Number of protein chains: 4
Amino acid sequence: MKYGITENVKTIESKVKVRDIIKKIAEKKANAIKYYLEGEEFEQAIIFGAYLSGNYIANTLKADCGEVILIDSQPHLEDIVTGNGIKFMDLNTFMLKLRNNKDKEINPDLIIDVTGLGGVDPNMLKDFDPKVLIIEDPKSSFDKELMEADNTHKRLCVGHKKGSLKTFRSSKISKTSGTMTLTVDVIMDSCIEIKELDGVLYSVPNLEYFEGIVFHEKDVRKFLREVNTPALTVSCLGNLEAEIDEIIDKNMQKVYSFVKLVK
Amino acid sequence: MKYGITENVKTIESKVKVRDIIKKIAEKKANAIKYYLEGEEFEQAIIFGAYLSGNYIANTLKADCGEVILIDSQPHLEDIVTGNGIKFMDLNTFMLKLRNNKDKEINPDLIIDVTGLGGVDPNMLKDFDPKVLIIEDPKSSFDKELMEADNTHKRLCVGHKKGSLKTFRSSKISKTSGTMTLTVDVIMDSCIEIKELDGVLYSVPNLEYFEGIVFHEKDVRKFLREVNTPALTVSCLGNLEAEIDEIIDKNMQKVYSFVKLVK
Amino acid sequence: MKYGITENVKTIESKVKVRDIIKKIAEKKANAIKYYLEGEEFEQAIIFGAYLSGNYIANTLKADCGEVILIDSQPHLEDIVTGNGIKFMDLNTFMLKLRNNKDKEINPDLIIDVTGLGGVDPNMLKDFDPKVLIIEDPKSSFDKELMEADNTHKRLCVGHKKGSLKTFRSSKISKTSGTMTLTVDVIMDSCIEIKELDGVLYSVPNLEYFEGIVFHEKDVRKFLREVNTPALTVSCLGNLEAEIDEIIDKNMQKVYSFVKLVK
Amino acid sequence: MKYGITENVKTIESKVKVRDIIKKIAEKKANAIKYYLEGEEFEQAIIFGAYLSGNYIANTLKADCGEVILIDSQPHLEDIVTGNGIKFMDLNTFMLKLRNNKDKEINPDLIIDVTGLGGVDPNMLKDFDPKVLIIEDPKSSFDKELMEADNTHKRLCVGHKKGSLKTFRSSKISKTSGTMTLTVDVIMDSCIEIKELDGVLYSVPNLEYFEGIVFHEKDVRKFLREVNTPALTVSCLGNLEAEIDEIIDKNMQKVYSFVKLVK
Ligand SMILES: Nc1ncnc2c1ncn2[C@@H]1O[C@H](CSCC[C@H](N)C(=O)O)[C@@H](O)[C@H]1O
Ligand SMILES: Nc1ncnc2c1ncn2[C@@H]1O[C@H](CSCC[C@H](N)C(=O)O)[C@@H](O)[C@H]1O
Ligand SMILES: Nc1ncnc2c1ncn2[C@@H]1O[C@H](CSCC[C@H](N)C(=O)O)[C@@H](O)[C@H]1O
Ligand SMILES: Nc1ncnc2c1ncn2[C@@H]1O[C@H](CSCC[C@H](N)C(=O)O)[C@@H](O)[C@H]1O
C-alpha cells in the first residue's frame, strides 16, 4: 500500500502478478493433459508450440517421457524454455530432421499440439503414428469467425487415442482458450468486480500487448520481466488488500481445462 | 495493423490514444465551466489543482480573464502546464503570498477548485470573496464511502454565485468524476464491448497506474510520454479498425459534464 | 423445489417475494426520513403520493405525528393504504379543502412529496409554511433526459428545514429512485448473478408491468396479489435454495436511501 | 404507447412478442437441420421431444419425409402440434408399437432427438439403424455440472451419418441450448440494453416460469396464450418504439444454430 495523490486515497497493488495467472492457467492445461494420459509412459513426446503453455506442459510430462521435444516455428522462443531435460527445436530444424529420418530419430508416441489458430499444418501430422495425439482447441465461447478459422478436427488425423484440449471460463466470455486470452480476461473481469467494492475509485489492469514483445520485438526476457508485475493496481479509500486478491483468485478458479476424448 | 503470432491473426491498435481520451474529458469539463460563466469576464482567476484537467480549464478561461493562476500542492506539476499566459504557483508559495497580501496581489473574482478528495481545505477558501466559486464534485456513481469522504458542500462556502462541477457517464458506473477514473473506465468498457465483436480474440487496454508516475515518481514528462499510446490493442481476425475507434468514441460520448448552480 | 421437465432438472422459487423487495426498499426510504427528522414531533404531516412507498412512510411517521394525511391524485389508491390512523385524501378533495381553509384545517408542519417525475406542481407547495419539507428526488444513476425532466429543486421552495430524499444502488445502474424501478433492477440483477451459478439452466424474473395494473386497470387488489409471488424462479440441477435467496438479499443491501439537507 | 403513471412518462410494449422469439429460435434450429440434410429425402422421420422446437422441426421436415412422427413422453403435448401431416405419439404408445414391430411399422431412416438433459435413453436408440441421427446438444456456454449431466455423446450411437445440433449466442452467456433458455436470455439481455437508453426509467421482461404451465399445470393452450405477449414493457420519456424492437432483433441475431458432423 502506498498513498495516492493525497493521503486520503490509497494505492494497492495485487499480490497476484500477471505471471502467476499465466502460470496457474498453464498448470491447469498441463494437469488436464496429465490426467488424460493416466500415468502412461512414453518414449518420445513432441510438443508443438513453446509459447505460452508449451513449456509448462513439457515440464509436467518429462517424468513420464524418455524424451521431450518442444518445437516452435520461432527459434528465439528457445528462451522461454525452463528446466532441464527439455529439448527445444525450431520448426525448420525439425522438418529437416524429419526428411532424413531413416534411423527413426523422430518417432513420437505422444504428440501434443498447442499452436492454436494458424499453427501446425494438418498434413504435417499425417505421417506420424503416435499412441496419443492431443490437439488444443483454440475455441472457447462461441464466435462464428473464430469457429470457421479453427481446424482442430483436421489436425486430429492420427493417433490410437485422440483428444482435444479444451479450456473455458465458467459463466464468463472468453473468445479463445489461449493462455494469454484467458489471462487478459481474468484480469479484466477482476478489475470490473473490484471497481464495485465500496470505496474504490478505480482499478487499473497492468496489461499491455505482451505478445508484441514476444513476436514482434522477439524479446522473451523483456516479456518475462513485464509479466512480473502486479496483475492490477487499485485506487481506493479502505484496506482492501485481502478482497482484491480473493477476487482475482475467484476469477482464476473459473478456468476449467480438460481433454475431451475424440473418436 | 500488424500480424499477430501467425498471419491468421491481426493486431490492431486503436487510433485513439489514452491522451486523446484524457483531453476530450478535460475539454468537456472546461466547456461546462465556460458555459456556466456565460461569457462573464474576470480580473483574476485562481484554479486549484493542475492535474489532470486543471491545465485545460486554465487554457479555456484565459481569454476571459486578466490573469489565470494555477495552484498545486506539488511543485513539480509546473511541468504539466502548457500554453502561455498561465501562471503556475505551488501551494506553499501561494500561502506565503496570501499572508503578505496587503496590496491585494491575490484577489480572485473567480475560484475553481478541481483538487477533489482530500484536496483544498474549506477553511482556506473562507477568506476569499469571489464573484464565482466552482468546486468539482468528485462523486459520480453512488458509493457510500466515497460520499462520506467528500466535502464539496463544505468548500462551497463563499462566492456570490456558487456552482458544483459534476461529471458522469450515462448508464455506466464510474466511482468518481476524476479525469483519470473516467479515462480508465472509458477504455475498460470499450475493451469489453470490442471483445464481443465477431472474430476478436482479445482486447488489451494499454493502461498502467499512470498516477504513480506523476505523484510517486514525480515525472510529468514520462507521464505525458506514457499516455501517448493507443488506448487499446486488439487481437482479431478481421479488419476492425473502424469499429474499434467507433466504440471508443461512443464511450467517450457517454461522458457528460455540467456545473450545477448551488444556492 | 419441484422437478422441472424431467427429474434431472429442478425448479426452485425464491423464498423472497416481489412484495418483500418492495417492502424492504420502502422501509429504507421511510427509515431515511425518520432518521432525518431526529425524533421531532409534528402536528400535521402531509404526504403526497400513496404509491408505492407513500403508505410505508405514512405508517412509519404516524407515531410522531398528530395527524397523517396521504394524498394522491388517483382516488382508487385509497386501497393501497394499510394500518389505522392514516387519512387518505384524493388530490381534488384536498385542493377543495385548501380553497376553503379558513379555520386552518390544512396546516402541515411536515410535508413529504414522493410523487416524483410529473408529480406535485411546485406552485401548489408555495403557500405552505412547514417546519420540514422533504421532496423525493427521482434521479438515481445519471441520465440526461431524466435529469432535465426532474424539477425537485423547484419543489424545494418552502420549509424551515428542507431535504431531498435520495435512493441509489451501490455500484449498480438504476435510472430512477422509484421503488418499482429499484425492485425491478434488484430482481433483474439477481437473475443475472444466479444464472452464473454452476448447474443453473436459466433464471426467470417473475415480473410484469405491475404499474399497468395499478394505473391503467386501476386494480390495487390485483396488484397486491400479483406482487405476492416469488421474485424469481430458477431451473437448475443442484440444491441452490440458500444461494438463490442470499443473492437476492445481497442485491437488496445495495440499496441506500438518505435525506440530503438542502440549503 | 400508453401514458405511465403521469403524462410525463410513457409505457411502450415491444412489438416483438415472447412467442416471436421462441419461433425465431426454433426456426434457426429447424433450418440448421434442413441445411445439414442437404435436401435428402426420408421415408420415416422420428423426432423425440415435441416441446419447444420439436413441432417446428417436424413442420420444416415434412416436405422431404414420407412420414413424420413426433414423440413425447408427455401425452398432453399433442396440443402443441400444429399443421397437418405430423403424427404425434406419446412415448408409451411408441414403446408398445416398437415391441410388436414385426411388419416394420417403425423403421426410421431419420431420427432427431431434441429431448435434451434427462431425455431419451441411449439404450433405446441402439436398436435403430437410421441413415441420419441428429442429437441436440443441450450444452451452450461452459458449465461444469451441466457438462457432466449431458450424455449427448452416448446417444450418438447409431446412424450412418451422425450429427449434433448445437445452438449458441455469440459473445453472450447461455447455459443451455434450450429454446426456452435462449428466449429468456434474449429478453433479459435486451432489457438490460434498453435500460441504458437515454430517458428509460426501467424495462420489464414479460417473463414467467412458462415451463410450469406446460409441465406442471399441463395446460398447453394457456402456455400458448401466455407467450402471446409483448416480450418486454418499457417505462420511458421518449419515443423509443423503434429502438426497442431493434435491440430485441439484434439480440435474436446473436443466436446461431448448426449441426456438427460427428464421426
Ligand atoms: N507450425 C508450427 N509449428 C510449431 N510452432 C508453431 C507453428 N505455428 C505457430 N507456432 C508457434 O505456436 C505458438 C502459437 S501461440 C499458442 C498459444 C497456446 N495455445 C496457449 O494457449 O498458450 C507460437 O509460439 C508460435 O510461434
Ligand atoms: N490543497 C491543495 N491545493 C492545491 N492543489 C492540491 C491540493 N491538494 C491536492 N492538490 C492537487 O490537486 C490534484 C488532485 S487530483 C485532481 C484531479 C481532477 N479532479 C481531475 O478530475 O482531473 C493534484 O494535482 C494534487 O497535487
Ligand atoms: N400532483 C399530485 N398530487 C398527489 N399525488 C400525485 C400527484 N401526481 C402524481 N401523483 C401520484 O404520485 C404517485 C407517483 S409514483 C411515485 C412513486 C414513488 N416515488 C416511489 O418511489 O414509490 C402516483 O401514485 C400518482 O398517482
Ligand atoms: N424419453 C423421452 N422421449 C420422448 N420425449 C421425452 C423424453 N424425455 C423427455 N421428453 C420430452 O422432451 C422434451 C424435453 S424439453 C426439450 C426442449 C428442446 N431441447 C428445445 O430446445 O426446445 C419435453 O417435451 C419432454 O416431455
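Residues numbered from 1 in each chain as written. Chains lettered and ligands numbered in written order. Predicted model: local features only at pLDDT ≥ 70, side-chain atom pairs only at ≥ 80, totals over all residues. Heavy atoms only, no water.

Some remarks on the overall build of chain A
Short version of the rule: Helix numbers and strand numbers start at the N terminus; a helix is a DSSP run of H or I with at least 4 residues, a strand a run of E with at least 2. Atoms counted for the radius of gyration: C-alpha only. Globule rule: 2.2 Å times residue count to the power 0.38. Three exposure classes are used, based on accessible area relative to the maximum for each residue type with a 1.4 Å probe and protein chains only: buried under 20%, partly exposed in between, and exposed over 50%. Only heavy atoms enter the contact rule, under which two residues are in contact if any of them lie within 4.5 Å. Using a 1.4 Å probe, accessible areas were evaluated by the Shrake-Rupley method; residue-level cover was limited to the displayed protein chains. Neither His nor the chain termini are counted; the positive set is Lys and Arg, and the negative set is Asp and Glu. A charged residue contributes its charge at one atom only: NZ of Lys, CZ of Arg, CG of Asp or CD of Glu.
Along the backbone of chain A there are 10 helices and 11 strands. For 263 residues, the compact-globule estimate of 2.2 N^0.38 gives 18 Å, and the C-alpha radius of gyration of chain A, at 20 Å, lies within 12% of that figure. Overall, the C-alpha framework of chain A stretches about 70 × 35 × 35 Å when taken along its three principal axes. A total of 263 residues make up chain A; the buried ones form 61% of that total. Taking the intrachain contacts of chain A between residues at least 6 apart in sequence as the baseline, contacts between residues at least 24 apart amount to 69%. Within the structure as shown, chain A displays about 10700 Å² of accessible surface, and the carbon and sulfur contribution to it stands at 47%. Charge-centre separation for chain A: the mean point of 37 positive side chains lies 3 Å from the mean point of 42 negative side chains.

What about the environment of Lys34(A)?
Residue and element names in this part refer to chain A. Tracing the backbone shows Lys-34 in helix H1 (residues 18–37). Assessed through its relative accessible area of 38%, Lys-34 is described here as partly exposed. Measuring from C-alpha to C-alpha, the distance between Lys-34 and Ile-57 comes to 8.7 Å, with 23 residues separating the pair along the chain.

Observations concerning the environment of Val262(B)
All names here are of chain B. Of note, Val-262 is situated in strand E11 (residues 255–262). Expressed as a C-alpha distance, the spacing of Val-262 and Glu-246, which sit 16 residues apart in the sequence, is 36 Å. Sequence-distant contacts of Val-262, defined by excluding residues within four places in its chain, comprise Leu-156, Lys-162, Gly-163 and Ser-164.

Notes on the site of ligand 3
Test applied: Residues are labelled near a given molecule or strand when at least one of their non-hydrogen atoms is within 4 Å of it. Identification of polar contacts relies on pairs of N or O atoms within 3.5 Å, with a donor-acceptor requirement for protein atoms, meaning one able to donate a hydrogen and the other able to accept it, and with residues adjacent in sequence counted only if both atoms are side-chain atoms. Residues are grouped as follows: Ala, Val, Leu, Ile, Met, Phe, Trp, Tyr, Cys and Pro are nonpolar; Asp, Glu, Lys and Arg are charged; all remaining types, including Gly, are polar. These domain boundaries are the output of an automatic or database domain assignment.
Neighbouring ligand 3 are 20 residues; Lys29(C), Asp72(C), Val114(C), Glu136(C) and Thr179(C) lie closest to it. Flanking ligand 3 are residues from chains C and D. Contact distances for ligand 3 include 3.2 Å between a nitrogen atom and a backbone N or O atom of Ser73(C). The contact in question runs from an oxygen atom of ligand 3 to an N or O atom on the side chain of Thr179(C), over 2.8 Å. When isolated, ligand 3 has an accessible area of 580 Å², and the protein chains bury 92% of it. Here the residues of the shell around ligand 3 are counted per class, giving nine nonpolar, eight polar and three charged. Two domains share the shell around ligand 3, each providing at least three of its residues, namely domain 1 (2–21 + 176–256) and domain 2 (22–171) of chain C.

Focus: the domain arrangement of chain A
Residues and elements named next belong to chain A. So the rule is basically this: We define buried area as the total accessible area lost by two parts upon association, computed with a 1.4 Å probe and summed across both. Salt bridges are identified by distance alone: a Lys or Arg side-chain nitrogen within 4 Å of an Asp or Glu carboxyl oxygen.
Domains assigned within chain A are domain 1 (2–21 + 176–256) and domain 2 (22–171). Domain 1 and domain 2 are separated by 29 Å when their C-alpha centres are compared. Taken together, the contacts link 28 residues of domain 1 with 26 residues of domain 2. Roughly 2400 Å² of surface becomes buried between domain 1 and domain 2 when both sides are summed, with 61% attributable to carbon and sulfur atoms. Connecting domain 1 to domain 2 are two salt bridges. Taken together, the links from domain 1 to domain 2 amount to 21 residue pairs in polar contact (both at pLDDT 80 or more). At the level of secondary structure, the elements contributing two or more residues to the side of domain 1 that touches domain 2 comprise H1, helix H7 (179–195), helix H8 (210–215), helix H9 (220–226), helix H10 (241–252) and strand E11 (255–262). Here the side of domain 1 that touches domain 2 gets seven residues from one element, more than from any other, and that element is H7. For the side of domain 1 that touches domain 2, a count of residues per class yields 13 nonpolar, seven polar and eight charged.

A word on the relation of the copies chain B and chain A
Quick reminder of the rule: Here the copies were fitted onto each other by least squares, based on C-alpha atoms from residues at pLDDT of at least 70 in both.
It takes a turn of 180° to lay chain B on chain A, together with a shift of 0.0 Å along the axis; the resulting RMSD is 0.0 Å. In the structure described here, the two chain copies are related by an operation that fits a two-fold rotation axis. Looking at the rotation axis and the C-alpha trace of chain B, the residue lying nearest is Leu207(B), at 3.2 Å. When you check the interface residues of chain B against chain A, 100% turn up at the interface there too, and the contact is symmetric in its surfaces.

Describing the sheet that holds strand E9 (residues 200–205) of chain D
Two pairing modes exist for strands in a sheet, parallel and antiparallel, and in both the strands are linked by backbone hydrogen bonds. All names here are of chain D. Note the cut-off: Any two strands with at least two DSSP-identified bridges between them are counted as paired.
Strand order across the open sheet formed by four strands is E1-E2-E10-E9, with antiparallel pairing between neighbours. In this open sheet, the two strands that pair with only one neighbour each are strand E1 (2–3) and E9. Relative to strand E2 (residues 10–13), E1 is paired through two bridges, and the arrangement is antiparallel. The residue of E2 that forms the bridge with Lys-2 is Thr-11.

Let's talk about the site of ligand 4
Around ligand 4 lies a shell of 20 residues, among which Lys29(D), Asp72(D), Val114(D), Glu136(D) and Thr179(D) are the nearest. The environment of ligand 4 is shared, with nearby residues belonging to chains C and D. The separation between an oxygen atom of ligand 4 and a polar side-chain atom of Asp72(D) is 2.5 Å. In this structure, Thr179(D) approaches ligand 4 through a side-chain N or O atom, which is 2.8 Å from an oxygen atom. Here ligand 4, which alone exposes 580 Å², has 92% of that area covered by the protein. Taken together, the residues of the shell around ligand 4 break down into nine nonpolar, eight polar and three charged.

Quick notes on the interface of chain D and chain B
Each partner contributes residues to the interface: chain D has seven residues there, and chain B has seven residues. Of the roughly 470 Å² buried at the junction of chain D and chain B (both faces included), carbon and sulfur atoms supply 19%. One can count four salt bridges joining chain D with chain B. Joining chain D to chain B, the criterion identifies two residue pairs in polar contact (both at pLDDT 80 or more). Taken together, the residues of the side of chain D that touches chain B break down into no nonpolar, two polar and five charged.

As for the packing of aromatic side chains
Spelled out, the test is: The rule is short: rings of Phe, Tyr and Trp, with Trp giving its six-membered ring, pair when the centres are within 6.5 Å, and they are stacked under 30 degrees, edge-to-face over 60, tilted in between. As a reminder, the over-ring test applies to NZ of lysine and CZ of arginine, requiring each to be within 6 Å of the ring centre and within 35 degrees of the ring normal.
By the definition in use, this model includes 36 aromatic pairs over all chains. With a centroid separation of 6.3 Å and 80° between ring planes, the pair formed by Phe210(A) and Phe223(A) is classed as edge-to-face. You can see Phe210(A) sitting in helix H8 and its partner Phe223(A) sitting in helix H9, a full 13 residues away along the chain. The exposure class of Phe210(A) is buried, given its relative accessible area of 1%. For Phe223(A), a relative accessible area of 2% puts it in the buried group. Connected via pairs of aromatic rings, a cluster forms that spans Tyr51(A), Phe210(A), Phe215(A) and Phe223(A). Here Lys161(C) stacks its cationic end above the ring of Tyr36(C), 4.5 Å away from the centre of that ring.

Side note on the pattern of salt bridges
According to the stated counting rule, one finds 75 salt bridges over all chains in the structure shown. Salt-bridge contacts for Arg155(B) lead to Asp113(B); the nearest nitrogen and oxygen are separated by 2.8 Å. Taken as a pair, Arg155(B) in helix H6 (residues 152–155) and Asp113(B) in strand E6 (residues 110–113) lie far apart in primary sequence, 42 residues in all. Residue classification places Asp113(B) among the buried positions, given a relative accessible area of 0%. Between Lys222(D) and Glu217(D) there is a salt bridge, with its nearest N and O atoms 2.9 Å apart. When its relative accessible area of 44% is taken as the criterion, Glu217(D) is described as partly exposed. Through salt bridges with shared partners, a single network forms among Asp137(A), Lys139(A), Asp150(A) and Lys166(A).

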